[in-house]
Amino acid sequence: MTTHSLEALRAQAAAIVRDNDRGAYTVPTKGLYPFQWNWDSCLTALGQRHSDERRAFLEIETLFAHQWPDGMVPHIVFHTPDDSYFPGPEVWRTGRPTPTSGITQPPVAGLVLRRLVETAADRALAEEKARLLLPKIAAWHRWFHAMRDPAGSGLVAILHPWESGRDNSIDWDEALARVPTDGVEPYVRRDTQHVDPAERPRKVEYDRYLWLVQRFRSLGWDNRVLHDASPFRVVDPAINAILVRSEEDIAHLARRFGETELAAEAEARAARARAAFDSLWSPDLGQYLPFDRVAGQLVTSPSVGGLLPLLAGLGDEGKRIAMRDRIRTLRSRVRRGVPTHDPADPRFEAKRYWRGPCWLIINYLLADGLDRCGFPEDAAAVRADSLALVENGFAEYYDPLTGEGLGGGNFTWTAAIVIETLATSAAA
Ligand code: GLC
């Protein structure tokens with residue numbers, strides 16, 4: 001692409017982020033997702049920082065203003081009523097002053113915060129903001145370990161597929177199949193009114209998603225009991241890798257600010273998780289796998305979730321090379337990468353949400369991990385795929401076989417990642 005067209009792309013991306021800006025938070029896209037989503041907001045801040053650092057911090061501050069007293073940061077904050085989304089606050093009924101959902105999402109806030117601080121033009125502002133956010137992020141990480149790893153294995157479980165952020169990934173099929181559907185209250189989905197049902201999760205999955213929500217609601221959203229009461233408890237390598245990385249990033253910032261206690265605590269949690277990670281490795285597949293805590297076994301699902309541990313530099317050199325090679329293989333099987341599931345697996349679906357399509361936020365995290373692990377050329381190739389994909393619009397996700405944009409349009413985090421990727425590539 002010429003410098004001129006790159007500049008045009010950056011301007012388009014910035015306009016999308018601005019257009020979805022609601023003042024103190026940004027909606028993922030109009031219509032389909034009219035509220036604030038947890039990891040969307042944090043990753044959006046990476047794009048916002050290029051035009052307004054104060055606004056980027058505000059995105060995260062708004063999210064943490066709705067942190068639960070127990071430390072959880074909810075996956076959705078329902079700032080204003082809007083019935084174009086289901087399930088809304090009347091289904092969750094979490095009893096929070098501003099309604100929120102009752103589950104969480106991948107904890108990217110810590111890794112984003114370090115990036116905001118280290119790239120800040122206004123260092124004083126960044127330090128002031130970071131000092132206030134650090135204890136809140138640490139409380140969330142502490143919550144993960146206390147509530148989602150009550151037996152102290154070192155790794156945390158998700159209790160609902162939506163907590164992974166990769167809602168209908170093949171990773172969850174087996175565990176989700178054990179979730180009952182009896183007693184699910186009648187409901188009308190709204191997502192399939194905005195987007196082609198062939199690109200969304202199926203009804204059978206949706207019923208089970210809602211059964212879990214009803215179950216947790218019936219237990220008063222008391223996180224002290226939800227883990228053991230949930231028939232769905234899966235250790236996701238992706239969320240655990242993100243947690244390790246964020247722990248180490250907040251520890252790094254805390255040391256810099258002289259907050260040694262907070263730093264030591266985060267480092268200790270990260271070290272325990274690192275030590276436990278080997279239990280998720282599959283030598284046959286050359287990647288990490290989810291562990292089904294209810295069935296007591298690894299889930300054979302070659303998805304991108306098991307490659308995200310690169311982000312935290314997990315594994316020895318052999319494992320990191322194996323993960324790099326897996327990314328090369330995945331890319332070689334499609335027109336544009338990185339597919340979220342291996343196309344060689346018969347369960348792969350090129351257009352259905354998290355069962356194959358490319359997502360730019362995943363590419364961003366993978367490229368970051370590849371760089372960190374000493375594979376800059378692979379990182380550059382993944383970033384180039386991202387920039388090629390947005391030539392087909394700032395879509396929610398993309399068909400890896402054709403490059404076609406799918407799902408919601410004018411999508412905030414896709415645009416934010418483009419802004420960040422252009423800046424990173426220019427700096428390289
Ligand atoms: C979908 C995605 C999730 C995202 C949300 C808002 O639920 O699976 O990762 O946070 O949409 O964009």
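Relevant structure appears above.
Everything quoted here is computed from the prediction, not taken from an experiment.

### Description of the sheet that holds strand β3 (residues 234-235)
The strand order across the open sheet formed by 3 strands is β3-β6-β7, and the pairing between neighbours is antiparallel. Each edge of the open sheet is held by one strand with a lone partner, namely β3 and β7 (297-298). As paired strands, β3 and strand β6 (residues 291-292) are joined by 2 bridges and run antiparallel to one another. Its bridge partner lying in β6, Val234 is registered against Asp292.

### Points about helix α5 (residues 109-118)
Counting buried positions along α5 yields 7 of 10 residues, so the element is predominantly enclosed. Restricting attention to buried positions, one finds in α5 the residues Ala109, Gly110, Leu111, Val112, Leu113, Leu116 and Val117. Structurally, α5 contributes buried residues whose contacts are with α2 (38-48), α3 (53-64), α6 (123-148) and α11 (237-256).

### Regarding empty space enclosed by the protein
Overall, the coordinates contain 3 cavities of 30 Å³ or more when judged by the stated rule. Taken as a whole, the largest cavity holds about 260 Å³ of empty space.

### Overview of the pattern of salt bridges
Tallied over the entire structure, the rule returns 44 salt bridges. Here Asp292 and Arg178 are joined by a salt bridge, their closest N and O atoms 2.8 Å apart. Of this pair, Asp292 sits in strand β6 while Arg178 sits in the loop between α7 (173-177) and α8 (191-194), placing them 114 residues apart in sequence. Note on Asp292: relative accessible area 2%, which makes it buried. Of the residues examined, Arg178 reaches a relative accessible area of 37% and is grouped as partly exposed.

### Focus on the site of the ligand
Close to the ligand lie Pro28, Tyr33, Trp37, Trp39, Asp40, Gln105, Gly165, Asp167, Tyr353, Trp354, Phe411 and Trp413, which account for all nearby residues. Within the side chain of Asp167, one N or O atom sits 2.6 Å away from an oxygen atom of the ligand. Protein contact buries 96% of the 310 Å² of open area that the ligand shows by itself. When atoms are counted within 2 Å of each cavity's grid points, the one that captures over half of the ligand is the largest cavity. Considering only residue class, the shell around the ligand consists of 8 nonpolar, 2 polar and 2 charged.

The rules behind each value
Residues numbered from 1 in each chain as written. Predicted model: local features only at pLDDT ≥ 70, side-chain atom pairs only at ≥ 80, totals over all residues. Heavy atoms only, no water. Pairing = 2+ DSSP bridges. Helix = DSSP H or I, 4+ residues; strand = E, 2+ residues; numbered from the N terminus. Buried < 20%, exposed > 50% of the residue type's maximum accessible area, 1.4 Å probe, protein only. Contact = heavy atoms within 4.5 Å. 1 Å grid on protein atoms, 1.4 Å probe; cavity = no way out; pocket = protein on both sides within 12 Å on 5 of 7 lines; lining within 4 Å. Points joined across faces, edges and corners; volume = space filled by probe spheres on them. Salt bridge = Lys/Arg side-chain N within 4 Å of Asp/Glu carboxyl O. Near = heavy atom within 4 Å. Polar contact = N/O pair within 3.5 Å; in protein donor to acceptor, adjacent residues only side chain to side chain. Areas by Shrake-Rupley, 256 points an atom, 1.4 Å probe, with all protein chains shown as cover. Sits in = over half its atoms within 2 Å of the grid points. Nonpolar A, V, L, I, M, F, W, Y, C, P; charged D, E, K, R; others polar.

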